[in-house]
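Chain residues, written in single-letter form:
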Amino acid sequence: GVSKVPDFDATLEFMGLVVPGMTRVGILYNTGDDSDTAFADRLEAAVGNHGARLVRIGVENANDIPQRVRSAQGRADLLFIPASSLLQPASAAIASNANQIGLPVFGSNTATVDNHQMLATLAVDFRQIGVKAGVLAARILRGEDAEAIAVAIPTRSDHVMRISARRLAALGLSLPKSLENCGCVAQ
């Protein structure tokens, strides 16, 4: 198999580059979903290596999202939204509330950045994941024992970076010089 879990260190480095001085990373997550909780746990294990701490903001149902997003004001320097079955459909509400309080939001897919709801993403590139799955399938078809093949975990090169120019401007942020020629800015 191939995992779709992002490279947390690469994600945190990217966040720190786009939002300089980041020390408090907020994560909105569904407390009733084991995969969301595991995701938050893995992010928490990595965040300390980047001079920051994790601010967990649990959501139990979609009706709580606006107030939970607003509760991050003054507690987090940015908000990260994982690929969650509860949160992804509510991207517009999350972005609207965060944008009203001037809180940068990092999403888990490029669509929410390309439509300028969220500031940025370093998302797993599903085309790359498909290529990796194809390579694994070919190995199995050549006779290799599937149980002997380790799960492929996405690396930094298996991610795609997107930044919203409109959200940068609205938040008073500048595109980092190191990303000026990235070809990753949604105008």
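Quick summary incoming for the structure in this document. All values derive from a computational prediction rather than experimental measurement.

Thresholds applied
- Residues numbered from 1 in each chain as written.
- Predicted model: local features only at pLDDT ≥ 70, side-chain atom pairs only at ≥ 80, totals over all residues.
- Heavy atoms only, no water.
- Salt bridge = Lys/Arg side-chain N within 4 Å of Asp/Glu carboxyl O.
- Helix = DSSP H or I, 4+ residues; strand = E, 2+ residues; numbered from the N terminus.
- Disulfide = S-S within 2.5 Å.
- Buried < 20%, exposed > 50% of the residue type's maximum accessible area, 1.4 Å probe, protein only.
- Phe/Tyr/Trp six-rings, centres within 6.5 Å; stacked < 30°, edge-to-face > 60°.

**Some points on the pattern of salt bridges**
- As enumerated under the stated definition, the model contains 10 salt bridges in all.
- Its salt-bridge partner being Asp114, residue Arg162 comes within 2.7 Å of it at the nearest N-O pair. Of the two residues, Arg162 is situated in strand β6 (residues 159-164) and Asp114 in helix α5 (residues 111-114); the sequence distance between them amounts to 48 residues.
- Residue Lys132 pairs with Asp158 through a salt bridge whose shortest N-O separation is 3.1 Å. In this pair, Lys132 is assigned in helix α6 (residues 126-141) and Asp158 in the loop between α6 and β6, connecting sequence segments 26 residues apart.
- Residues joined by salt bridges that share partners form a network here, namely Asp41, Glu44 and Arg56.

**What to know about the state of the cysteines**
- The full count for this structure, using the stated rule, is 1 disulfide.
- Here Cys182 connects covalently by a disulfide to Cys184, the sulfurs 2.1 Å from one another. The sign of the -75° torsion about the S-S bond sets the Cys182-Cys184 disulfide as left-handed.
- Take Cys182: its relative accessible area is 31%, and that puts it in the partly exposed class.

**Looking at the packing of aromatic side chains**
- All chains considered together, the criterion is met by 3 aromatic pairs.
- Look at Phe14 and Phe106: their rings are 6.0 Å apart centre to centre, the planes differ by 90°, and that puts the pair in the edge-to-face class. Taken together, the positions of Phe14 in helix α1 (residues 8-18) and Phe106 in strand β4 (residues 105-106) put the pair 92 residues apart, joining distant regions of the chain. The pair Phe14 / Phe106 is uniform in exposure class, with both members buried.
- Where Phe39 meets Phe80, the ring centres are 5.8 Å apart and the plane angle is 15°; that geometry is what we call stacked. Residue Phe39 is found in helix α2 (residues 34-47), and its partner Phe80 is found in strand β3 (residues 78-80); the two are separated by 41 residues along the sequence.
- For Phe39, a relative accessible area of 14% puts it in the buried group.
- Through successive ring pairs, a cluster of aromatic residues spans Phe8, Phe39 and Phe80.

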